[in-house]
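The chain contents come next:
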Protein chains: 2
Amino acid sequence: MPNRNQGMDEKVNPHNIKVGVVGIGLMGSSIIVALLMAGHHVIAIAPLPDDKVLGPARVKDDLTRCAQSGLLEGAIDHYLDRLTIAGDYGMLASCSLVLECVIEQLAIKESVFKQISAHVDTAAIIGSNTSAIPISTLQQFVPDPGRFLGIHWAEPAYLTRFLEITCGRQTDITTAEWVMSLAHGWGKEPTLLRKDIRGFITNRLMYAVYREIFSLLESGKASLDDVDKAFRYDAGSWMTLMGIFRRMDYLGLQDYADILRTTFPQLSTTDEVPAVMQEMVDSNARGVQNARGLYAYTDEEARQWEEAFAHFNREIYHLSLQYPSHQLPSKKQG
Amino acid sequence: MPNRNQGMDEKVNPHNIKVGVVGIGLMGSSIIVALLMAGHHVIAIAPLPDDKVLGPARVKDDLTRCAQSGLLEGAIDHYLDRLTIAGDYGMLASCSLVLECVIEQLAIKESVFKQISAHVDTAAIIGSNTSAIPISTLQQFVPDPGRFLGIHWAEPAYLTRFLEITCGRQTDITTAEWVMSLAHGWGKEPTLLRKDIRGFITNRLMYAVYREIFSLLESGKASLDDVDKAFRYDAGSWMTLMGIFRRMDYLGLQDYADILRTTFPQLSTTDEVPAVMQEMVDSNARGVQNARGLYAYTDEEARQWEEAFAHFNREIYHLSLQYPSHQLPSKKQG
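Calculation notes
Residues numbered from 1 in each chain as written. Chains lettered and ligands numbered in written order. Predicted model: local features only at pLDDT ≥ 70, side-chain atom pairs only at ≥ 80, totals over all residues. Heavy atoms only, no water. UniProt positions renumbered as here; feature names shortened; annotations may be inferred. Helix = DSSP H or I, 4+ residues; strand = E, 2+ residues; numbered from the N terminus. Buried < 20%, exposed > 50% of the residue type's maximum accessible area, 1.4 Å probe, protein only. Contact = heavy atoms within 4.5 Å. Areas by Shrake-Rupley, 256 points an atom, 1.4 Å probe, with all protein chains shown as cover. Lys, Arg positive; Asp, Glu negative; His and termini not counted. Charge placed at Lys NZ, Arg CZ, Asp CG, Glu CD. Pairing = 2+ DSSP bridges. Axes fitted to C-alpha atoms, helices over the stretch in contact; angles between N-to-C directions. Buried area = accessible area lost by both parts, 1.4 Å probe. Salt bridge = Lys/Arg side-chain N within 4 Å of Asp/Glu carboxyl O. Right-handed = clockwise from strand over helix to strand, strands pointing away. Phe/Tyr/Trp six-rings, centres within 6.5 Å; stacked < 30°, edge-to-face > 60°. Domains from an automatic or database assignment. Polar contact = N/O pair within 3.5 Å; in protein donor to acceptor, adjacent residues only side chain to side chain. Nonpolar A, V, L, I, M, F, W, Y, C, P; charged D, E, K, R; others polar. Left-handed = near helix turned anticlockwise from the far one by under 90°. Least-squares fit on C-alpha atoms with pLDDT ≥ 70 in both.

An unreviewed UniProt entry annotates chain A as 3-hydroxyacyl-CoA dehydrogenase originating from Nibrella saemangeumensis. UniProt annotates chain A under Sequence similarities (unreviewed entry) with the comment "Belongs to the 3-hydroxyacyl-CoA dehydrogenase family."

This is the structure:
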């Protein structure tokens, strides 16, 4: 952990805090860019040979998108000057914080955390971007679990305000609080989960949606298009301002008890992986990435979706900046 | 149904189609405004004495909001000229389409549909804005169930693109198709559900979210604030562009089968109404409406939320207009 004797500002001054990022895939590169934009020096470790080749280009592409969105204060090269990309975990020795963002496979994460631990300073904090594996499990792979926590970003990390900071059973709360402070400097609206929830918040709730949605799809009651359209134009019309509970308050609560009483028993309770999803995974359909997914794509269409999202994301990000949670009335019940 | 011998354009020309709206509450008034803006003459029936007093003011307030958003082409009075507010169901005789938007109580809806049926032209189509009661049940209350369907709007109706058109078991598909054509003239992105799904699409999926979310809340693992913040900044950052399935394709499918396999068994399967919601309903907490809800509000804070939403809604509406579904690549699988 950084020098605790320094003042609060210095303790979370990004210029004094070197951050390591392990994994330079889609998420890794956008996290690297978010950190560079916040003023950190970043040491990026490419554990995969592919990442070593493609990673630098990904980072530069992301920085170019930021420049196009008017988010950069200097030239792209100015940011790249603060980035070191290496294959050698030894480069992490100078980092106060190391973020892991490799594939969601336990054995791979274990190996990565053991390599990180072998090289970082004993005072360093280690975070995982996992959205699937419990933090309490992952923290067993490091010698000092108190300094280990979940730091879960949304994609693209440089253009979203979401950040879920999750304590495992052994995480020292002061570790989490320090990362919370840092996260405000990253332009985030961080949430701090003091207990380790499987799937954290949004993913867990999305899994509940998936269970129901695939059951509707398999029953032939709704199509992919119907579902997506309904979500885009219904939930999409309030989500960014309100979240779930505030929306209930806004609509009025009086009907809910009756509606939930009649609806809950009709919802899917299946534990089975949806057949269509298993088929997709078995046939290596990777969605927009390889133009084969739940929807069919030509390569051109997959590219158009990437462009539409890049464009949309800039706009929703700027919109969300207008409604920061601290400026909305937010007094809690009781 | 309107004269089927007329050309397609005339058949759905709003100036030729008088629409009845029964119920002038929050939803009713905003639906009335959406219809007036589309060019319809509207006959609004106020079944409650309160609505007769407050309804006209609600409609005028909504029109004022539309004017402020730059959505009106003429003066507010120009729109009000096409509106008739009455207590007498007999006024519905000249309507080609009648929309019910009263409270979600079966007995009240039954009484309303019987009164509508006693007065409308035999060719009229009747729609319900219900989001809680099956269309197949409600259509039993009218003499010609083939001409009955669900027409479910999002709030505020004049500033959202969502519209769910749902067939009950006896709905004539041509009835639904005519309403679909009309809906495009209302500036909607309508979805057509050929089967009657309890809770339709988005509500049903939100119920799955509620089941999980209240279980997290009751276990102390997450707070109201955490959940809302996470949804606002995570799901809110892509929902309006993508919906659910497209998002999965965008993120890449390869991890999903494993994640769903481990997560589904951990999700709540309860049929119980959450205790906190039952308490709210029992104590007449109506949320923002009476400044008592899941969150606590002062009257001033409740008003601030109403304002924030009115403002936000204009912006997300204009944003969503930039990404109409027909301009995004949308080829379906198979």
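Having seen it, we continue.
(A) Examining the overall build of chain A more closely. Check the secondary structure of chain A and you find 13 helices and 8 strands. Put simply, chain A has 334 residues, and 60% of those count as buried. Of the contacts formed within chain A by residues at least 6 apart in sequence, a portion of 67% connects residues at least 24 apart. Approximately 12500 Å² of chain A is accessible, and the part contributed by carbon and sulfur atoms is 49%. The centroid of the 31 positive side-chain charges in chain A is displaced by 5 Å from the centroid of its 40 negative side-chain charges.

(B) Just the sheet that holds strand β6 (residues 148-153) of chain B, in detail. All names here are of chain B. Spatial ordering of the open sheet is given by β3-β2-β1-β4-β5-β6-β7-β8, a layout of 8 strands whose pairing is mixed. Unpaired on one side and paired on the other, β3 (83-86) and β8 (189-193) mark the two borders of the sheet. Across this sheet, the average inter-strand angle for adjacent strands is 20°, counted without regard to direction. Alignment of strand β2 (residues 41-45) against β3, held across 4 bridges, turns out to be parallel.

(C) Layout of the UniProt feature "transmembrane region" (unreviewed entry) in chain A. The sites that carry the UniProt feature "transmembrane region" (unreviewed entry) are, in the present numbering, residues 21-43 of chain A. Structurally, residues 21-43 of chain A comprises 57% helix and 22% strand, and the distance from its first C-alpha atom to its last is 6 Å.

(D) Just the interface of chain A and chain B, in detail. In this complex, chain A contributes 124 residues to the contact, which on the side of chain B involves 123 residues. Note on chain A versus chain B: buried area summed over both sides is about 13200 Å², and carbon and sulfur give 67% of it. Counting the surface chain A buries against chain B, the share from its top three residues, Y233(A), F245(A) and W305(A), is 7%. One can count 2 salt bridges joining chain A with chain B.

(E) Region of the structure containing the pairing of strand β2 (residues 41-45) of chain A. Residue and element names in this part refer to chain A. Here β2 lies mainly inside the structure; 4 of its 5 residues are buried. Here 5 bridges tie strand β1 (residues 18-22) to β2, and the two strands are oriented parallel to one another. Opposite V22, over in β2, you have I45 as the bridge partner. Regarding topology, helix α2 (residues 26-38) serves as the crossover connection from β1 to the parallel β2, and that connection is right-handed.

(F) Layout of unusual backbone geometry. Residues and elements named next belong to chain A. A cis amide bond links E155 with the next residue in sequence, P156, at an omega value of -10°. For A291, which is not glycine, the phi torsion reads 60° and is therefore positive. Structurally, A291 is set in the loop between α12 (275-282) and α13 (299-321). By relative accessible area, which is 8% here, A291 ends up buried.

(G) Region of interest: the side chain of E212(B). Positionally, E212(B) belongs in helix α8 (residues 202-218). Overall, E212(B) belongs to the buried group, its relative accessible area being 1%. In this structure E212(B) touches R204(A), L205(A), A208(A), L267(B) and S268(B), once residues within four positions along its chain are discounted.

(H) Representation of the packing of aromatic side chains within the structure. The final tally for this structure, using the stated rule, is 14 aromatic pairs over all chains. The interplanar angle of 20° and the centroid separation of 5.0 Å between the aromatic rings of W153(A) and W186(A) together place this pair among those described as stacked. Taken together, the residues W153(A) in strand β6 (residues 148-153) and W186(A) in the loop between α7 (173-185) and β8 (189-193) connect sequence positions 33 residues apart. Ring plane angle 75° and centroid distance 5.4 Å describe the contact between F214(A) and F245(B), whose orientation is recorded as edge-to-face. With F214(A) in helix α8 (residues 202-218) and F245(B) in helix α10 (residues 239-251), this pair bridges two chains.

(I) Up close: the domain arrangement of chain A. All names here are of chain A. Domain assignment breaks chain A into domain 1 (8-193) and domain 2 (204-326). With 10 residues of domain 1 at the interface, the matching set in domain 2 holds 11 residues. Buried area between domain 1 and domain 2, both sides added, is near 910 Å², and the carbon and sulfur share of it is 54%. Looking at the side of domain 1 facing domain 2, the largest losses of area belong to L159, R161 and E189, adding up to 51% of the total buried there. There are 0 salt bridges connecting domain 1 and domain 2. Our enumeration of links across domain 1 and domain 2 arrives at 2 residue pairs in polar contact (both at pLDDT 80 or more). Counted by class, the side of domain 1 that touches domain 2 contains 3 nonpolar, 3 polar and 4 charged residues.

(J) Geometry of the packing of helix α10 (residues 239-251) of chain A against helix α9 (residues 224-233) of chain B. Where α10(A) contacts α9(B), the two axes come as close as 7 Å, and the packing angle between them is 145°. Crossing of α10(A) against α9(B): the hand is right-handed. In this structure, α10(A) contributes M239(A), T240(A), L241(A), M242(A), G243(A), I244(A), F245(A) and R246(A) to the contact, and α9(B) contributes L224(B), V227(B), D228(B), F231(B) and R232(B). Of the residues assigned to the contact of α10(A) with α9(B), the class counts are 8 nonpolar, 2 polar and 3 charged.

(K) Seen up close, the sheet that holds β1(A). Residues and elements named next belong to chain A. With mixed pairing, the 8 strands of this open sheet are ordered in space as β3-β2-β1-β4-β5-β6-β7-β8. Every interior strand has two partners, whereas the edge strands, β3 (83-86) and β8, have only one. Recorded for the sheet is a direction-independent mean angle of 20° between the axes of neighbouring strands. Where β6 lies against strand β7 (residues 162-167), 5 bridges are found, and the strand directions are antiparallel. Within β7, the residue paired with I151 across the bridge is I165.

(L) Representation of the relation of the copies chain A and chain B within the structure. In the superposition of chain A on chain B (RMSD 0.0 Å, axial shift 0.0 Å), the rotation amounts to 180°. Seen this way, the second copy is the image of the first under a two-fold rotation axis. Residue by residue, 99% of the interface of chain A is reproduced at the interface of chain B, so both copies engage with the same surface.

(M) Structural detail: the pattern of salt bridges. Residue and element names in this part refer to chain B. In total, this model carries 22 salt bridges over all chains according to the counting rule given. Here E110 ties to K114 by a salt bridge, and the two come within 2.7 Å at their closest N and O atoms. One end of the pair, E110, and the other, K114, are both in helix α5 (residues 106-119), 4 residues apart, so they sit about a helical turn from each other. Exposure remark for K114: the relative accessible area of 45% places this residue in the partly exposed category. Here R147 and D144 are joined by a salt bridge, their closest N and O atoms 3.2 Å apart. Residue R147 is classed as partly exposed on the basis of its relative accessible area of 24%. On the accessibility criterion, D144 (37% relative accessible area) is partly exposed.

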